Amino acid sequence: MFLLIPGISISLSQCAMTSSRHTNSKRIEGLDKNVWVAFTSVAADPTIVNLGQGYPDIPPPAYVKEALANAAAVDKLNQYTRGFGHPSLVKALSQVYGKVYGHQIDPFKEILVTVGGYGSLFSTMQALVEVGDEVIIIEPFFDCYVPMVRMAGATPVLIPLRLRSNKETSSVSSADWVLDPEELASKFTSKTKAIIINTPNNPIGKIFTKGELQTISDLCIKHDTLCISDEVYEWLIYKGHQHIKIGLRFPQPSSVLTITISSAGKTFSVTGWKLGWSIGPEHLIKHLQTVMQNTLYTCPTPLQEAVAQGLLRDYELMGRPECYFSSLAVELEGKRDRMAAILQDVGMSPIIPEGGYFMCVDVTPLNEDLSHMGDDEPYDYRFVKWMIKEKKLAAIPVTAFCGDASKKQFEKYVRLCFIKQDSTLDAAEAILKNWNK
Amino acid sequence: MGIYRYEQVTIFTCSLCAFNTTGNSGKNNLHARRIEGIDKNIWVDFTQLAADYKVVNLGQGFPDFSPPSYIQEALCKAVNGGCSMHQYTHAFGHPPLVSILAKFFGRVVGHEIDAFEDILVTVGAYQALFCTFQALVDEEDEVIIIEPFFDCYQPMVKMAGGKGVYVPLRPVSSRVEGGKALTSADWVLSSEELASKFNPRTKAIVINTPNNPLGKVYKREELQVIADLCIKHDVVCISDEVYEWLTYDGAKHVKIASLPGMWERTVTIGSGGKSFSATGWKVGWAIGAGPIVKHLKTVHQNSVYHCATAAQEAVAQGFQREYELFGTPESYFLQLPEMLNQKRKKLATCLESVGLQPILPEGGYFMISDISSLKVDLNDPSTQDEPHDYRFVKWLIKEKGLATIPVSAFYSPEHRKDFQNYIRFCFVKEDSTLNAAEDILRKWSDLK
């Protein structure tokens, strides 16, 4: 206990007090570091061609922006709405996903609206995961999964995707990165509370096949494990591939218990709106709702109304080329193919993604000797920092998306985001073409 | 794009059906222990009830009038701004917003505020509270909460594994006996009682000024007592100041962070929604010394990470305007309390005239009223086991079409039974709403 006389500044002891008493809670110990911190300042520098952080520099569809402007003009829509999701939004979601799932989804009991897909992941973790639990995470993974599992007091158990051994490296697809079924089975224990899958996957772009999801589903049912399915890129599926929802058969009791997570930001190219949703059986969603009512209570109203309007418009067009869910995928496929060609032209081996808006590429063919940068960081971190500085091109190191044990496996890969304007891709092309000059 | 329905391997799964029907096998309960006991929520219950019965709603605290037009315009402008308005901004706060908040509040508090170190922008003040408790409260830590309190403090402390320690404001008995109309200023803390709540396990104290539901605006001397104890016991002060602009009858809002020795141990929480009458925007902030705010940021980056860009841009524009007009008659932060003061007086007069003794609030959105003198036959069997004020509020909704909130909801489970005779009214409503409430109350009074 300290006794201070108020008003008298005793800076040394105050500093000591600040550091000794006002320390962080145990739950956030070691969770302050973040890969994005190192690289976000890049976004502010207009001379750098930024294929790093995953957000579009293409505009969102006009009707979605209009819907927000219209909502802002309605008085009532500037005040609190229903905590678990604005009624018009959850009803629109119920319609869209009712069609996708092929059965009714209760808008009030089986859906929770959250602050982005991120908020859904957090609500799920806080609602269902705790000390003593294990959560299986497939590498490479969207980086927040591990700190969220740790903040919930649980242990992350990692398993990497591995490149099929009989593949030539010149034309690798994300489909060639697979799980070893025996290895996966070995990760399940009596403590395994959940497995997180991300399909399409960030960063590799893999879309899990029916067979792969069946394997995972069987293990979940055998071990009484929940499935947390992060499907934020669910509409960004390229020709010849299909997005499959592991939670498809709910609410029937024989299917694996799944929380499925989606994102308005990724669906409508409005990452800055930070709206997402969780869909699942009532007896799980109600726990996520409890977390919501004790964390931020409700999401912004006008944004939810605008997303509802956007969904209703596209619901009518579902299955047709004018539907934004389809047209965006078509537009991005062109950019994907262009990006792949640019990389291949300079001798690199991109992993062609089946979905999503990222492409990982093995930079070994560029032959950059970065030993002068020391070896305390994995190669890809050094490469990206060097590339930003020397080539004015930004990407993200793929080891940011894996655990320590897998770093060697992924350290030659960097992730490029291709949901960018043609002019941005042109600029990237120019840099790569002139690499050795 | 097609959706492929995959076939279940029925033989394999059949025998395992039993495991999944309730989801409660193998592992004890599906839900995490941290959410045990915090699933009930008065807003969920009472908002639904108010919607079901089509009432005159003086219950939940949000305006039914429009935000000022310049703020709505600011949002429209942001929406039609460039691409970047619709994509991620800085995680800890959109730079134009944190910059103007630093400038604005630096001037108010008389202490330089670093926009990028000392501020975290959150999804409403609610999320700022959440980040603060999660960042600083561990198992077994005690958090002192002054009653009556905004109801979320208790479950948030619980979810963080902490223990709420409660100390009530009490009406000063001499004033009551003297027959003077009670105001929120007559509700005070006992310094000895407050001091007795501090011990080596006390991590933080939460204060809310102006207070919800009572409307108390803590005076400098009262804050000094709290500050002295915080400094003596090395405790963090969490100061919820969402209603900071709404003070009446000359009451002055004092920021405890501005008292000597308090800047480095206070987290001050504010709300764009309450400041600009746009509660649905959900833009809030926590301001405090960098070493503490950085822990809130860690929670934030592992929970929501970013807040909506366009809403932050619009609030930034709002604050820019208010910075320039501060203290002048055109400032919304002066116009709003002036407008609300009229409504406050109107409602108080109405309540007095029908025998519902109001406690006149010095600040905020709400007024509480003593219902103990009312004799009503609350014969609804569905509310039998509930506190008296809950039963009364539900009766008022169902029988009279008027929605309010029971004040025992703002008390700890241990003290709830001693404060069952008050209900809370929100007066931040159009005059037509207040008139409609008045009609209901008069008709009811005439019947008695």
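As named in an unreviewed UniProt entry, chain B is Kynurenine aminotransferase 1, taken from Oncorhynchus mykiss. Here is the UniProt Sequence similarities (unreviewed entry) comment for chain B, exactly as written: "Belongs to the class-I pyridoxal-phosphate-dependent aminotransferase family." Quoted verbatim from the Cofactor (unreviewed entry) field of UniProt, the annotation for chain B is "pyridoxal 5'-phosphate".

The name an unreviewed UniProt entry assigns to chain A is Kynurenine--oxoglutarate transaminase 3, from the organism Oncorhynchus mykiss. Heading Sequence similarities (unreviewed entry) of the UniProt record for chain A holds this comment: "Belongs to the class-I pyridoxal-phosphate-dependent aminotransferase family." The annotation that UniProt attaches to chain A under Subunit (unreviewed entry) is "Homodimer."

A. Seen up close, the overall build of chain A. Looking only at helices and strands, chain A features 15 helices and 16 strands. Summarising its shape, the C-alpha atoms of chain A cover approximately 70 × 60 × 50 Å along the three principal directions. Among the 437 residues that make up chain A, the fraction classed as buried is 65%. In chain A, 71% of the contacts between residues at least 6 apart in sequence involve partners at least 24 apart. Accessible surface, chain A as shown: approximately 15,500 Å² in total, 54% of it carbon and sulfur.

B. Quick look at the overall build of chain B. Each helix and strand in chain B was counted, giving 16 helices and 15 strands. By the compact-globule yardstick of 22 Å for 448 residues, chain B fits well, its C-alpha radius of gyration being 23 Å. The dimensions of chain B, computed from C-alpha atoms along their principal axes, are 75 × 60 × 50 Å. When each of the 448 residues of chain B is scored for burial, the buried share is 62%.

C. Unusual backbone geometry, seen in detail. Residue Pro210 of chain B follows Thr209 of chain B across a cis peptide bond; omega there is -10 degrees. With respect to the helices and strands, Pro210 of chain B occurs in the loop between strand S7 (202–208) and helix H10 (220–233). The omega torsion across Asn212 of chain B and Pro213 of chain B is 15 degrees, close enough to zero to call that bond cis. Here Pro213 of chain B lies in the loop between S7 and H10. Residues other than glycine seldom take positive phi values, yet Lys392 of chain A does so here, at roughly 60 degrees.

D. Main features of the pairing of strand S15 (residues 422–426) of chain B. All names here are of chain B. Buried residues dominate S15, accounting for five of its five residues. In terms of strand pairing, strand S12 (residues 366–370) meets S15 through five bridges, oriented antiparallel. Residue pairing for S15: Ile368 is matched across the bridge by Arg424. Here two bridges tie strand S14 (residues 405–406) to S15, and the two strands are oriented antiparallel to one another. Across the sheet, the residue bridging to Ile405 is Arg424, located in S15.

E. Structural view of the packing of helix H4 (residues 69–79) of chain B against helix H13 (residues 309–325) of chain B. All names here are of chain B. In the contact formed by H4 and H13, the axes pass within 8 Å of each other and the chain directions differ by 135 degrees. Looking at the two axes, H4 sits oblique to H13. H13 is crossed by H4, and the crossing has right-handed handedness. Facing H4, whose interface residues are Tyr70, Ile71, Ala74, Leu75 and Ala78, H13 presents Ala310, Ala311, Glu313, Ala314, Gln317, Gly318, Arg321 and Glu322. For the contact of H4 with H13, a count of residues per class yields eight nonpolar, two polar and three charged.

F. Just the interface of chain B and chain A, in detail. On the side of chain A, 107 residues touch chain B, which itself brings 99 residues to the contact. Taken over both partners, the interface formed by chain B and chain A buries close to 9,300 Å², and the fraction arising from carbon and sulfur atoms is 56%. At the boundary of chain B and chain A, one finds two salt bridges. Between the two partners, chain B and chain A, sit 41 residue pairs in polar contact (both at pLDDT 80 or more). The element contributing the most residues to the side of chain B that touches chain A is helix H6 (residues 124–136) of chain B, with seven residues. Tallied by class, the residues present in the side of chain B that touches chain A amount to 49 nonpolar, 33 polar and 17 charged.

G. Broad picture of the packing of aromatic side chains. Applying the stated criterion across every chain yields a total of 54 aromatic pairs over all chains. Relative to Phe62 of chain B, the ring of Tyr80 of chain A has its centre 6.5 Å away and its plane inclined at 90 degrees; by these criteria the two rings are edge-to-face. In this pair, Tyr80 of chain A is assigned in the loop between helix H3 (62–72) and helix H4 (87–101) and Phe62 of chain B in the loop between strand S1 (56–57) and H4, connecting two distinct chains. Using a relative accessible area of 24% as the deciding quantity, one classes Tyr80 of chain A as partly exposed. Relative to Trp277 of chain A, the ring of Tyr97 of chain A has its centre 6.3 Å away and its plane inclined at 65 degrees; by these criteria the two rings are edge-to-face. Of this pair, Tyr97 of chain A sits in helix H4 while Trp277 of chain A is found in strand S11 (residues 276–279), placing the two residues 180 residues apart along the sequence. For Tyr97 of chain A, a relative accessible area of 1% puts it in the buried group. Judged by its relative accessible area of 0%, Trp277 of chain A falls in the buried class.

H. Broad picture of the nonpolar core. Residues Tyr97 and Phe383 of chain A together with Phe133, Ile205, Ile226 and Phe319 of chain B are the most contacted members of the largest nonpolar core, which totals 282 residues. Tallying contributions element by element places H6 of chain B first for this core, with nine residues. Ignoring sequence-local partners within four residues, the contact set of Ile205 of chain B consists of Ile144, Ile146, Leu194, Phe198, Ile226, Cys230, Val235, Val236, Cys237 and Ile238 of chain B. In terms of nonpolar packing, the next biggest core, distinct from the first, is built from 29 residues, Val157, Leu161, Val172 and Ile246 of chain A among them.

I. Examining the pattern of salt bridges more closely. The tally for this structure, following the rule as stated, stands at 36 salt bridges over all chains. Residue Glu231 of chain A pairs with Lys245 of chain A through a salt bridge whose shortest N-O separation is 2.6 Å. Taken as a pair, Glu231 of chain A in the loop between strand S9 (226–230) and strand S10 (258–263) and Lys245 of chain A in the loop between S9 and S10 lie far apart in primary sequence, 14 residues in all. Each member of the pair, Glu231 of chain A together with Lys245 of chain A, is buried. The salt bridge involving Arg442 of chain B is made with Glu438 of chain B; its shortest N-O contact spans 3.1 Å. Here the residue Arg442 of chain B and the residue Glu438 of chain B both occupy positions in helix H16 (residues 431–447), the gap between them amounting to four residues, near one helical turn. Classification of Arg442 of chain B as partly exposed rests on a relative accessible area of 36%. Put simply, Lys239, Glu333, Arg336 and Asp337 of chain A are held in one network by salt bridges that share partners.

J. Structural view of the sheet that holds strand S6 (residues 172–173) of chain A. All names here are of chain A. Read across the sheet, five strands follow the order S6-S12-S13-S16-S15 without closing on themselves; strand pairing throughout is mixed. Two strands lie at the open edges of the sheet, namely S6 and strand S15 (396–397), each paired on one side alone. In the sheet, S6 pairs with strand S12 (residues 349–352) via two bridges, with the strands oriented parallel. In the strand pairing of S12, Ser173 is matched with Ile352. Those strands touched by helix H12 (residues 324–345) are S12, strand S13 (358–362) and strand S16 (413–417), and its axis lies near 160 degrees from that of S12.

K. Representation of the pairing of strand S2 (residues 119–122) of chain B. All names here are of chain B. Judged by which residues are buried, S2 turns out to be covered on both faces: Ile119 and Val121 on one side and Leu120 and Thr122 on the other are all buried. Here S2 pairs with strand S10 (residues 284–288) via four bridges, running antiparallel. Pairing of Val121 across the sheet is with Trp285, part of S10.

L. Looking closely at the side chain of Thr279 of chain B. Residue placement: Thr279 of chain B occurs in the loop between helix H11 (272–275) and S10. The class of Thr279 of chain B is buried, set by a relative accessible area of 3%. Not counting residues within four places of it along the chain, the set of residues in contact with Thr279 of chain B comprises Asn78, Gln79 and Tyr80 of chain A together with Gly61, Phe62, Pro63, Gly273, Lys274 and Tyr365 of chain B.

M. Region of the structure containing the packing of helix H14 (residues 332–353) of chain B against H16 of chain B. Residues and elements named next belong to chain B. In contact at an axis separation of 10 Å, H14 and H16 are set at 5 degrees when each is read in the N-to-C sense. Taken together, the axes of H14 and H16 are roughly parallel relative to one another. Listed contacts from H16 to Lys343, Lys346, Cys350, Leu351 and Ser353 of H14 are Asp431, Leu434, Asn435, Glu438, Leu441 and Arg442. Its residues assigned to classes, the contact of H14 with H16 shows four nonpolar, two polar and five charged.

Scoring rules and cut-offs
Along each chain, residue indices are assigned from 1 in the same order as the chain's sequence is written. To label them, take the chains in the order written and letter them from A, then take the ligands in the order written and number them from 1. Totals for whole chains, interfaces and linings use every residue, but because this is a predicted model, local features are given only for residues with pLDDT of at least 70 and side-chain atom pairs only at 80 or more, for both listing and counting. The basis for every side-chain value is the complete set of heavy atoms in the structure, and neither hydrogens nor water enter the calculation. UniProt positions are given in the numbering used here, feature names are shortened, and annotations may be inferred rather than shown by experiment. Strands are runs of DSSP state E lasting at least two residues, helices are runs of H or I lasting at least four, and both sets are numbered from the N terminus onward. Relative accessibility thresholds used throughout: buried, under 20% of the residue-type maximum; exposed, over 50%; partly exposed, between the two (1.4 Å probe, protein chains only). Note on definitions: a residue-residue contact is assigned when non-hydrogen atoms from the two residues lie within 4.5 Å. Residue exposure ignores everything except the shown protein chains as possible cover, and the areas themselves are Shrake-Rupley values with a 1.4 Å probe. Radius of gyration: over C-alpha atoms. The globule rule applied is 2.2 Å multiplied by the number of residues raised to the 0.38 power. For two strands to count as paired, DSSP must find a minimum of two bridges between them. Axis definition: a line fit to C-alpha positions, over the contact stretch in the case of helices; interaxial angles, taken between N-to-C directions, run 0 to 180 degrees. With respect to orientation, any angle under 35 degrees is reported as roughly parallel, any angle over 145 as roughly antiparallel, any angle of 65 to 115 as roughly perpendicular, and every other angle as oblique. Throughout, a crossing is termed right-handed when the near helix is turned clockwise from the far one, and left-handed when it is turned anticlockwise from it by less than a right angle. Charged means Asp, Glu, Lys or Arg here, nonpolar means Ala, Val, Leu, Ile, Met, Phe, Trp, Tyr, Cys or Pro, and polar covers whatever is left, Gly included. Two parts placed together each lose some accessible area; with a 1.4 Å probe, that loss summed over both constitutes the buried area. For this document, the term salt bridge refers to a Lys or Arg side-chain nitrogen within 4 Å of an Asp or Glu carboxyl oxygen. Here a polar contact is recorded for every N or O atom pair within 3.5 Å, except that within protein the pair must consist of a potential hydrogen donor and a potential acceptor, and residues adjacent in sequence are included only if both atoms are side-chain atoms. To pair, rings of Phe, Tyr and Trp, with the six-membered ring standing in for Trp, must have centres within 6.5 Å; the planes then decide the type, stacked if under 30 degrees apart, edge-to-face if over 60, and tilted in the middle. For this analysis, a nonpolar core means a set of buried residues of the types Ala, Val, Leu, Ile, Met, Phe, Trp, Tyr and Cys, connected via side-chain atoms within 4.5 Å.

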